[in-house]
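Results of the structural survey
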Amino acid sequence: MKLTTEQLDLIDTKIIEGGIKYQDLYEELLDHYILAIEDRIGRGNVFEDALEEVHSGFEKYRYPVSFRYYYDFGRFRTMQQPDYGLVKLQSEYKERLNKEISKKHRQMMKNYFRWPTIMTTLLVGVLTFQFAYLVPRTFFVWVMAACTFAPLLMLIPQTIKQIWDYASGKQKFVNSLKFNAISSRLGQLFALVSVTLNLPRAFFDYNLFKDGPLFIVAFLLCFYIAYALSFYQLYREQFKVKMG
């Protein structure tokens, strides 16, 4: 039995009121609710009872024996810390997704140095090394900067799409757990570049790109090119993690 628009709206309200804030998790939960409710209706339950049974199961997810409280200075009263139900499910799902993305990212970087992809990596490395003798060393700083900001530029089309879909009503939320998790990894790239450029200069008054051996400069550049490309792969990857 297909659910009506009004019934879908009721499910939608339950999920949002439960504290869900991310589009991808919302969609996965919505599918779960619909399938579970349709199954119960097929066994003779009415919609209201089926919805209440399914939602109750999520409301009691990780239901604690005792509750944690905090003082809300804005309301001047003690509040109960919501650490169960859909809020808890969302927190655990976010943590598992972050771990899965980190694991996949490490695997992608390792694959650049495994057969047969290592042949392409070596070719890029040789070309970069040869190129190092043909251009001024300052050029490498600009190339590294391009590698650093390229993943950031990849975010722009997806950000525009999410905002457009939200404004047009196609999405309930702008935020996406996958999008946020990948974006947060950009901080690691900025940190790596900052350390490479500034650490030798700060401690040894040594400019790696100006004074360092060309093979080291070429290797670093090759690494950052691979690291930037790995973000493109992450954006295209479909991640599935267990819910609950």
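Right, let's get into the nonpolar core. Residues Ile 11, Ile 15, Leu 29, Tyr 33, Ile 37 and Phe 231 are the most contacted members of the largest nonpolar core, which totals 57 residues. For this core, the secondary-structure elements that each account for two or more residues are helix 1 (5–17), helix 2 (23–42), helix 3 (47–59), helix 4 (85–111), helix 6 (138–167), helix 7 (177–204) and helix 9 (214–236). Residues contacting Leu 29, with those up to four places away along its chain left out, are Ile 15, Ile 20, Phe 58, Leu 86, Leu 89 and Met 243.

Turning to the pattern of salt bridges, a few remarks are in order. All told, the structure shown has seven salt bridges when counted by the stated rule. Among the salt bridges present, the one from Asp 39 reaches Arg 43, with a minimum N-O distance of 2.8 Å. Two residues, Glu 237 and Lys 104, come together in a salt bridge whose shortest N-O distance is 3.6 Å. Taken together, the positions of Glu 237 in the segment after helix 9 and Lys 104 in helix 4 put the pair 133 residues apart, joining distant regions of the chain.

Time to look at the packing of aromatic side chains. Under the definition given, this model contains five aromatic pairs. Relative to Phe 173, the ring of Tyr 26 lies with its centre 5.8 Å away and its plane at 70°, an arrangement referred to as edge-to-face. With Tyr 26 in helix 2 and Phe 173 in the loop between helix 6 and helix 7, this residue pair connects regions lying 147 residues apart in the sequence. By relative accessible area, Tyr 26 is classed as buried at 6%. Here a set of aromatic residues connected by ring pairs shows up, and it is made of Phe 223, Tyr 224, Tyr 227 and Phe 231.

Definitions and limits used
Residues numbered from 1 in each chain as written. Predicted model: local features only at pLDDT ≥ 70, side-chain atom pairs only at ≥ 80, totals over all residues. Heavy atoms only, no water. Core = buried A, V, L, I, M, F, W, Y, C linked by side-chain atoms within 4.5 Å. Buried < 20%, exposed > 50% of the residue type's maximum accessible area, 1.4 Å probe, protein only. Helix = DSSP H or I, 4+ residues; strand = E, 2+ residues; numbered from the N terminus. Contact = heavy atoms within 4.5 Å. Salt bridge = Lys/Arg side-chain N within 4 Å of Asp/Glu carboxyl O. Phe/Tyr/Trp six-rings, centres within 6.5 Å; stacked < 30°, edge-to-face > 60°.

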